[in-house]
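Summary of structural features
Spelled out from the first residue to the last, the chains are:
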Amino acid sequence: MVFLVIIGLIGLAVAIVLAIVAVFKLVGWKTVGWTAGASLVAIVVGAAFGGGSSTAPTGGTPAPSGSSAPASNPAPAPPSNSAPAPATPPAPAPKPEKPKPELEVVEVHQEGDGYVQYAAGTVKNNSNRKYGYVQVEINLYDGDGNQVGSTLANANNLEPGATWKFRAPVFEDNVKQFKVVDITGF
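Keep in mind the model is a prediction, meaning the values are calculated, not measured.

Bringing the pairing of strand S3 (residues 131-141) into the picture now. Taken across its 11 residues, S3 has eight buried, putting it largely inside the fold. Where S3 and strand S4 (residues 147-158) come together, 10 bridges link them in antiparallel fashion. Directly across from Ile-138, in S4, lies its bridge partner Thr-151. Taking the residues that link successive antiparallel strands as the turn, the S3-S4 hairpin has five residues, and the phi of Gly-145 there is positive, at about 90°. Pairing of S3 with strand S6 (residues 177-185) involves eight bridges; the strand directions are antiparallel. What sits directly across from Val-136, in S6, is Ile-183.

Take a look at the structure:
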């Protein structure tokens, strides 16, 4: 009994392959294309294993009533005049964000009170720890980019997630620009 079932399944598989080849030759390999070919294979295999319907596909000739014969003369797929769409490359994976430093200088600016100039700004503690001491070191430059001095500011007990608005005094007269060169904490 099992032998007959296996022979029947092999015969069914051969019939499916022959039917697909016949349809491809009838319609034309290039006309069918990969997408339509895959759809056609799915229809034939589905019909062969009982997944088909009792009506013929659109454009085909219906099977005679009461007959189990497959539909004949399927409508050919219209020829495609357009080139296949180019494959879209996958979007690149987002680059992981660079982790923020534990102590970060958020912004820097120059300010003065009429008597003294300051290099001022904001430091943020991005960590989960309290810093007992934090120091910002700043180099001072003249209009030609020559270093003419340095200054610093410090604070005690910077809490986790807190910000510190620093002001470092600038006593040199010819300072036109400055740069934060180091921030330390412990």
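Now for the nonpolar core. The biggest cluster of nonpolar side chains holds 17 residues, and the ones touching the most others in it are Ile-138, Leu-158, Trp-164 and Phe-166. Residue assignment for this core shows that the elements contributing at least two residues are strand S2 (117-125), S3, S4 and strand S5 (163-170). Per-element accounting of this core gives the leading share, five residues, to S3.

Another aspect to go through is the packing of aromatic side chains. The full count for this structure, using the stated rule, is two aromatic pairs. Relative to Phe-166, the ring of Trp-164 has its centre 5.7 Å away and its plane inclined at 55°; by these criteria the two rings are tilted.

A few words now on a nonpolar patch on the surface. Nonpolar side chains collect at one region of the surface, where Val-2, Ile-6, Ile-7 and Ile-10 lie side by side and expose about 380 Å² of accessible area between them. If you trace the backbone, Ile-7 turns up in helix H1 (residues 2-27).

Right, let's talk about unusual backbone geometry for a bit. Across the chain, the bulk of peptide bonds are trans and the bulk of non-glycine residues have phi less than zero. With a phi angle near 60°, Asn-157 is a residue other than glycine that sits in the positive phi range. Residue position: Asn-157 is located in strand S4. The class for Asn-157 is partly exposed, based on a relative accessible area of 45%.

Taken as a whole, the protein shows an average pLDDT of 77; of its residues, 59% reach a score of 70 or greater. Helix H2 (residues 29-48) is the least confidently modelled element of the protein, averaging 57 in pLDDT, while S3 averages 97, the highest of any element. Every residue in residues 52-64 is under pLDDT 50, and counting partners more than four places away or in other chains gives 17 contacts.

Structurally, the position occupied by Thr-122 is in strand S2. Those residues within four positions of Thr-122 in sequence are excluded, and the remaining contacts are Glu-104, Val-105, Val-106, Glu-107, Thr-163, Trp-164, Lys-165 and Phe-166.

Its location among the elements puts Val-148 in strand S4. Owing to a relative accessible area of 26%, Val-148 belongs among the partly exposed residues under this scheme. Sequence spacing of Val-148 and Val-175 is 27 residues, and the spatial spacing of their C-alpha atoms is 7.2 Å. The residues contacting Val-148, other than those within four sequence positions of it, are Leu-140, Tyr-141, Asp-142, Glu-172, Asn-174 and Val-175.

Each strand in a sheet pairs with its neighbour through backbone hydrogen bonds, running either in the same direction (parallel) or in the opposite one (antiparallel). Strand order in the open sheet made by the three strands is S4-S3-S6, with antiparallel pairing throughout. Each edge of the sheet is formed by a strand with only one pairing partner; in this case those strands are S4 and S6. With strand direction ignored, the average angle separating the axes of adjacent strands in the sheet is 20°.

With respect to the element layout, Asn-146 can be found in the loop between S3 and S4. Other than its neighbours up to four places away in sequence, Asn-146 contacts Leu-140 and Tyr-141.

Basis of the calculations
Residues numbered from 1 in each chain as written. Predicted model: local features only at pLDDT ≥ 70, side-chain atom pairs only at ≥ 80, totals over all residues. Heavy atoms only, no water. Buried < 20%, exposed > 50% of the residue type's maximum accessible area, 1.4 Å probe, protein only. Helix = DSSP H or I, 4+ residues; strand = E, 2+ residues; numbered from the N terminus. Pairing = 2+ DSSP bridges. Core = buried A, V, L, I, M, F, W, Y, C linked by side-chain atoms within 4.5 Å. Phe/Tyr/Trp six-rings, centres within 6.5 Å; stacked < 30°, edge-to-face > 60°. Patch = residues over 30% accessible without salt bridge, like charges linked within 9 Å, V, L, I, M, F, W, Y side chains within 5 Å. Areas by Shrake-Rupley, 256 points an atom, 1.4 Å probe, with all protein chains shown as cover. Salt bridge = Lys/Arg side-chain N within 4 Å of Asp/Glu carboxyl O. pLDDT = per-residue confidence, 0-100. Contact = heavy atoms within 4.5 Å. Axes fitted to C-alpha atoms, helices over the stretch in contact; angles between N-to-C directions.

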